[in-house]
Amino acid sequence: MLMAKKGVVMYLAHDDQTLSDHLYGVARLGRSHAGKVRMADHGEILGLLHDFGKYSDSFQNYIRSALGLLNPDIDEAYVDSAHLKGKIDHSTAGAQFFWRKLNDGNPLERILAQVISLCLVSHHSGLIDCLNTDIQGITDAFERRINKSDEKSCFSEVVAKADVLMRIREILDGDGLVNPFEATLKAIFEKLPEKKQDSIVFHFQLGLLVRFLFSCLIDADRQDTVDSEKKQSAQLRQNGCYLPWDVLIDRLENHLTGFEIPKSGVNRIRADVSTHCLSASERQPGLFSLTVPTGGGKTLASLRFALHHAKRERFDRIVYVIPFTSIIDQNASVVRGILEVGEEDCGKVVLEHHSNIGAEKQSWKEKLLCENWDAPVVYTTMVQFLETFFGGGTRGARRMHQLANSVVIFDEIQTLPIRCVHMFCNAVNFLTEICGSSVVLCTATQPLLGKVDPLKGALNLSDKNEIMPNVQQLFDGLKRVSVQDVRKPSGWSEEEIASMALDEVAISDSCLVVVNMKRSAINLVNLVKQTSDVACFHLSTGMCPAHRKKILAKIREQLASKNPIPVLCVSTQLIEAGVDIDFGSVIRYAAGLDSIAQAAGRCNRHGERAQGRVFVVNLSDENIDCLKDIAIGKEKSDRVMNDFKDNPERFGKDLIGPVALDWYYQNYFFGRKADMDYPVAGKDLGRTDTLLNLLSSNSLAVAEFQRVNKRSPAIFLRQSFMTAGRLFKSIDAPTQSVIVQYGVEGKSLVADLCGSFDVEKQFGLLKTAQQFSVNLFPHEFKKLEEQGAVFPVQAETEIFYLDRKYYSDQFGISMEPVNEEEFLHA
């Protein structure tokens, strides 16, 4: 060991940090994080025990050899560190220490023993399975790990050496572990729809508590490690020291007072929505819904609620969860323009996080560059939110604790994937009931999340949660379009739709066509360009955010021209949810009624025309079987539209009003009950199951364990966390982000990333890279990789960029080289 001057043995954690400094550093941060849910001692003891095994001679010899502190020629303790990297177990000993202290206690203490021990053994791999499936069948993976031999875990050795034991024992002897844990379990139990400890909801919520504490540990460990290794990294963090809510409130209110007092029309209704949001901010924390038709001003109204509510409750941050990156681009830009008034505020108030640039296995540089939502206002995606709660590994889980003591706003909540309904409801209940957060569900088309099966997880939603006092009156006041169902028995050809779109441009000066597939958008654009010189724009997720921003800016410029310039835009559904743009008419390919309503929200958005024109068409020979949600939504929507034709009075003569949407969701949601558990196919697991079950009671695994072992598992938590995380990714078709060389800035960005070795510069570059990245499905990434079209920006990194020849300035990413003519004129 390194010997101090006074003969004290110095144990190392990393290259220039002692082990005790690291353990106390992580404990300090962990205590702060876990204190948000009144479990500060749990966060501290996790920090003190997580690297307990590093006191062993085997680890100290390894780290000293790796750092060149041992001479291979003269030191007998020298080892081949490269060969041993990642092979020395330093996480089991701390778990064994806590387990042995509490597992012989009462039932509550035994559960707590498993919760803390589970976090400790998992802090490098991601939460491990309690029960898992392997070639031996169902095994008790946690019990096997916690009973690891002394020879392999070095338990006795490290207990004899650890210099943090005094503080650990102080915590164990106090009442800060068992009592708060008991209070949390009681809080979960009291909210159960059925008061049973073996209920799905209870076990799922307990699993979320494990993940929350795990998040506290992971973020504390990663931050302390990186800040110790690279001192300059600490200067890039805000660590919760943000501009006061009062300052941000003043900036928003000053912005709002700049508007003229509206006397009538759409702007008067928007002002009314904003006033009700301000009033609702005085309510107690909890669950809220904000049901406002598209164009009703939800963006600034919800921000007004959030800022005032955050000040009142002393919340840490506001998190906006958005379905599509295109909305983040727009909304974050608007909010940044209001809340970041000076150069010194730039990047310190509003944080965008919507692209997973980099792999799960991160170098120390990528650990720093991976966001942990350290900002007062965060914009992220539903994908990132769900990964935070249910994904595998450590990267997503690291951010979970940042959602506590916060306002979390879900914009366009109707886009929630159907398979995630019960897991999402449980997550939101956990945030509001255990984490003390307030959650707002914003949409024009509110799904029925309060009416799903409560025994699996449903939101406690009713009229009392709604911010707006009269939703129907609001819809009536904001009705600005006429929706016409023009579906044909044989369907429409693409040529007919292209002709109809050009006719609508001639009538209304502008038309938006929203399609279901990227291929349909490309086909339609090409057809229009063959027959007309009308300006035709294309938008899809194959284009990077910077590219989409530029196209939207061009469209808005032409739409706002004093001398009308005919405009036609063909887009995938990314334009539907929240994009602030106003067309004279809209054509929507048949899909779910919620999508049709959202598309209609891009028509006559500001009520400047007497009435906007919206048409629903059905494309002949459209194959959307691979898009299950869209296909089923279309099927259920067809039924509602047919019912509307038979009796429009039943729906208040409004095809996209609250009555019609409620009937649509009844058909859609309750026709898909079996999909809401996140089904898992037998080929992926070895048996048919659901992620909801894997993350709660895990009944099928328990039954198989009992059959094989003739006894029940000896542990209370039986979830298969790691297996569920792996399946969540595989079923959810995980995407790989790739940076594209769009425009001069995109090319320059890639060049800088490839040549930069400065950490602070890389941090800024990767934040910029989010605007120049596109998410690819695995088969797309593989095809481009096979063609030699993707490259790592630097050796030993999982951050990739795309060959310029595979990006079209019209359509975005291409699976084949872009034709030479377009490339030369890009």
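Residues numbered from 1 in each chain as written. Predicted model: local features only at pLDDT ≥ 70, side-chain atom pairs only at ≥ 80, totals over all residues. Heavy atoms only, no water.

(A) The pattern of salt bridges, seen in detail. Enumeration over the complete set of coordinates arrives at 41 salt bridges. For Arg588, the salt bridge identified is with Glu576, shortest N-O distance 2.4 Å. In this pair, Arg588 sits in strand β15 (residues 585-589) while Glu576 sits in the loop between β14 (567-571) and β15, placing the two residues 12 residues apart along the sequence. Each of the two residues, Arg588 as well as Glu576, counts as buried. Three or more residues are tied together by salt bridges with common partners; here these are Arg31, Asp41, Glu44, Arg167 and Glu170. (Salt bridge = Lys/Arg side-chain N within 4 Å of Asp/Glu carboxyl O. Helix = DSSP H or I, 4+ residues; strand = E, 2+ residues; numbered from the N terminus. Buried < 20%, exposed > 50% of the residue type's maximum accessible area, 1.4 Å probe, protein only.)

(B) Summary view of the sheet that holds strand β11 (residues 481-485). Strand order in this open sheet of six strands is β11-β16-β15-β12-β14-β13, and the pairing throughout is parallel. Both edges of this open sheet fall to β11 and β13 (535-539), since each of them pairs with a single strand only. Sheet twist, expressed as the mean angle between neighbouring strand axes with direction ignored, is 15°. By the bridge criterion, five bridges tie β15 to strand β16 (residues 612-617) in an arrangement that is parallel. Within β16, the position partnered with Arg588 by the bridge is Val616. With respect to the sheet, helix α21 (residues 494-508) is in contact with β12 (510-514), β14, β15 and β16, its orientation differing from that of β12 by roughly 150°. (Pairing = 2+ DSSP bridges. Axes fitted to C-alpha atoms, helices over the stretch in contact; angles between N-to-C directions. Contact = heavy atoms within 4.5 Å.)

(C) Local environment of the sheet that holds strand β19 (residues 736-739). With respect to topology, four strands assemble into an open sheet ordered β20-β19-β22-β21, the strand pairing being mixed. Looking along the sheet, the strands with just one partner apiece sit at the ends: β20 (773-776) and β21 (790-792). Here the average twist between neighbouring strands, direction ignored, is 40°. Each of β19, β20, β21 and β22 (800-802) is contacted by helix α33 (residues 778-786), which is oriented at about 110° to β20, the strand it contacts most.

(D) The environment of Arg100, seen in detail. With respect to the helices, strands and loops of the structure, Arg100 is situated in helix α5 (residues 92-102). On the basis of relative accessible area, Arg100 is assigned to the partly exposed category, the value being 41%. As for Arg100 and Arg110, which are separated by 10 residues in sequence, their C-alpha atoms are 9.7 Å apart.

(E) Focus on the pairing of β15. In terms of residue burial, β15 counts as a mostly covered element, since five of its five residues are buried. Residue alternation in β15 divides its side chains into two sets, Ser585, Ile587 and Tyr589 and Val586 and Arg588, and both sets are buried. Sheet analysis places β12 next to β15, joined by four bridges and oriented parallel. Across the sheet, residue Val514 finds its bridge partner in β15, namely Arg588. Each parallel crossover has a hand, and the one from β15 via helix α24 (residues 593-600) to β16 is right-handed. (Right-handed = clockwise from strand over helix to strand, strands pointing away.)

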